[in-house]
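# A closer look at the structure
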Amino acid sequence: MTPASSNTSTDAARRLEPLTPDALRAVLDDALVHENEQTGALAQLTFSGPAAYGPDRPDWAVGPFEPDPALTFTLDGQWSDPDGIGWTSSSLYNPSMVEHDGTLHLFYRASPVKESLGSRIGHATLDLTAPGASWVDDPANPVVRPTDDLELLGTEDPKVYRAEGRWWLFYNGVHPITEEARDAFPSTGYPVGAVGCEMMLAVSDDLVTWQRLGPIAPPEQTRLWAKGAVVPRDEHGEAVRLGGEYLMFVSEGFDGVLHVGRSDDMRTWAFEPVDYLDLSSVGGHLHEVAAAIVTGDGHLVLDVFHDVDGRFAASQALYDVARPFEQLALTPGGSLSWGGLSRVDGRWTFAQGWDAPPGRRELYVYREAAGPTRAS
């Protein structure tokens, strides 16, 4: 295995566009005029409500879900900008949420415009032991912002796991691709254009101070695009060893071939092709595995985002934890929680910001539906 901090060779680094204040300002200017009607119209309950799961929902499926308005997070004001370029945000989404010592920790993507480049990662907390408490946004925000050439176009989509007595934050580093880099690392199976994406890693002992460790896979494998560092996680946000090691399901990039990462320590990873997902029963095309849920009953459930006849869809795939690459079943409906799910007060819970009205910086918390709302 290759240490995360050394995965990008000096030769590859020379092919990157350097991160400078002027370059960051240009990224912000482009982001502020971004439009994407297709992703901008995503609605959470289309994928996660009882109707999405249908009347034949199997017992192993996680969900359906309903919003819990009492847990909505709203970001007021703008963060101060450490880079001095006047960076601003209007949309929050794709968060990762974990509970630790009675406090909910929310790590979220803040973008100048919904689904634009130029994102930063923020952190907020909610004290569950204090009745009526409100979310508190971290005064140190943004806790992760572009500081590496591989992050010039933004830091996105945090995924937080507890393992080895520490906290591990995987996120996407987005960067421009030069013609020289494209020639050096060609990808015929997953062609990339002007934008590349790499899985980056940071580690913390307290969920507050983060040590940046860099990319976790070399460009010779990623071919300039790797996205979705999905590690099986239990109801407490703990990364779970399967077969004695940590696994990572990677579904985007790697020259268009599904890969699995293996690690003994969460820091160093080795990747190999593994055909772990079969969507042939529903047709369509896989976009991304969103989460890997260890449900506590010997099951592993992959929550996946795909399309069916050109329409966005969510499904869940079932595995035995002893055989995590042998798909047993597939059913419609899912959370599409890119940051993973955990149980809060006994109910599977996640957050997402897709349904926020334009310009409203809100994240909504969705809880496993109870009683008559749940499909049977």
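Calculation criteria
- Residues numbered from 1 in each chain as written.
- Predicted model: local features only at pLDDT ≥ 70, side-chain atom pairs only at ≥ 80, totals over all residues.
- Heavy atoms only, no water.
- Helix = DSSP H or I, 4+ residues; strand = E, 2+ residues; numbered from the N terminus.
- Rg over C-alpha atoms; globule rule 2.2 N^0.38 Å.
- Buried < 20%, exposed > 50% of the residue type's maximum accessible area, 1.4 Å probe, protein only.
- Contact = heavy atoms within 4.5 Å.
- Salt bridge = Lys/Arg side-chain N within 4 Å of Asp/Glu carboxyl O.
- Pairing = 2+ DSSP bridges.
- Axes fitted to C-alpha atoms, helices over the stretch in contact; angles between N-to-C directions.

On a plain count of helices and strands, the protein chain comes out with seven helices and 22 strands. Relative to the 2.2 N^0.38 estimate, which gives 21 Å for 376 residues, the radius of gyration of the protein chain is 19 Å and therefore close to what a compact globule would have. Overall size of the protein chain, expressed as C-alpha extent along the three principal axes, is 55 × 45 × 45 Å. When each of the 376 residues of the protein chain is scored for burial, the buried share is 57%. Across the protein chain, contacts joining residues at least 24 apart in sequence account for 59% of those joining residues at least 6 apart.

Quick look at the pattern of salt bridges now. Oppositely charged side chains may form a pair once their charged atoms are brought near each other. Using the criterion set out here, one finds 18 salt bridges in the structure. A salt bridge links Arg15 to Glu180; its shortest N-O distance comes to 4.0 Å. Remark: Glu180 occurs in helix H6 (residues 179-184) and Arg15 occurs in the loop between helix H1 (10-13) and helix H2 (21-31); sequence separation between them is 165 residues. Taking the relative accessible area as the measure of exposure, Arg15 reaches 14% and is therefore buried. Overall, the relative accessible area of 49% leaves Glu180 in the partly exposed class. Of the charged contacts, one joins Glu362 and Arg360 as a salt bridge, the two residues approaching to 3.0 Å between their closest N and O atoms. Here Arg360 falls in the partly exposed class, since its relative accessible area comes to 43%. Through salt bridges that share partners, Arg109, Glu156 and Asp157 make up one connected network.

This part covers the sheet that holds strand S8 (residues 166-176). Strand order in the open sheet formed by four strands is S7-S8-S9-S10, and the pairing between neighbours is antiparallel. Since the sheet does not close on itself, it has two edges, and those belong to strand S7 (154-163) and strand S10 (211-215), each with one partner. The sheet shows a mean angle of 25 degrees between the axes of neighbouring strands, taken without regard to direction. Sheet analysis places strand S9 (residues 195-204) next to S10, joined by four bridges and oriented antiparallel. In the sheet register, Ala202 faces S10, and the bridge partner there is Arg212.

Our next topic: the sheet that holds strand S3 (residues 91-100). With antiparallel pairing, the four strands of this open sheet are ordered in space as S3-S4-S5-S6. Whereas interior strands pair on both sides, the edge strands pair on one side only; in this sheet they are S3 and strand S6 (136-137). Note: strand S4 (residues 103-111) against strand S5 (residues 120-127), eight bridges, orientation antiparallel. Its bridge partner being in S5, His105 is matched across the sheet by Thr125.

A separate point is the environment of Pro58. Within the secondary structure layout, Pro58 lies in the loop between helix H5 (50-53) and strand S1 (65-67). Expressed as a C-alpha distance, the spacing of Pro58 and Leu213, which sit 155 residues apart in the sequence, is 40 Å.

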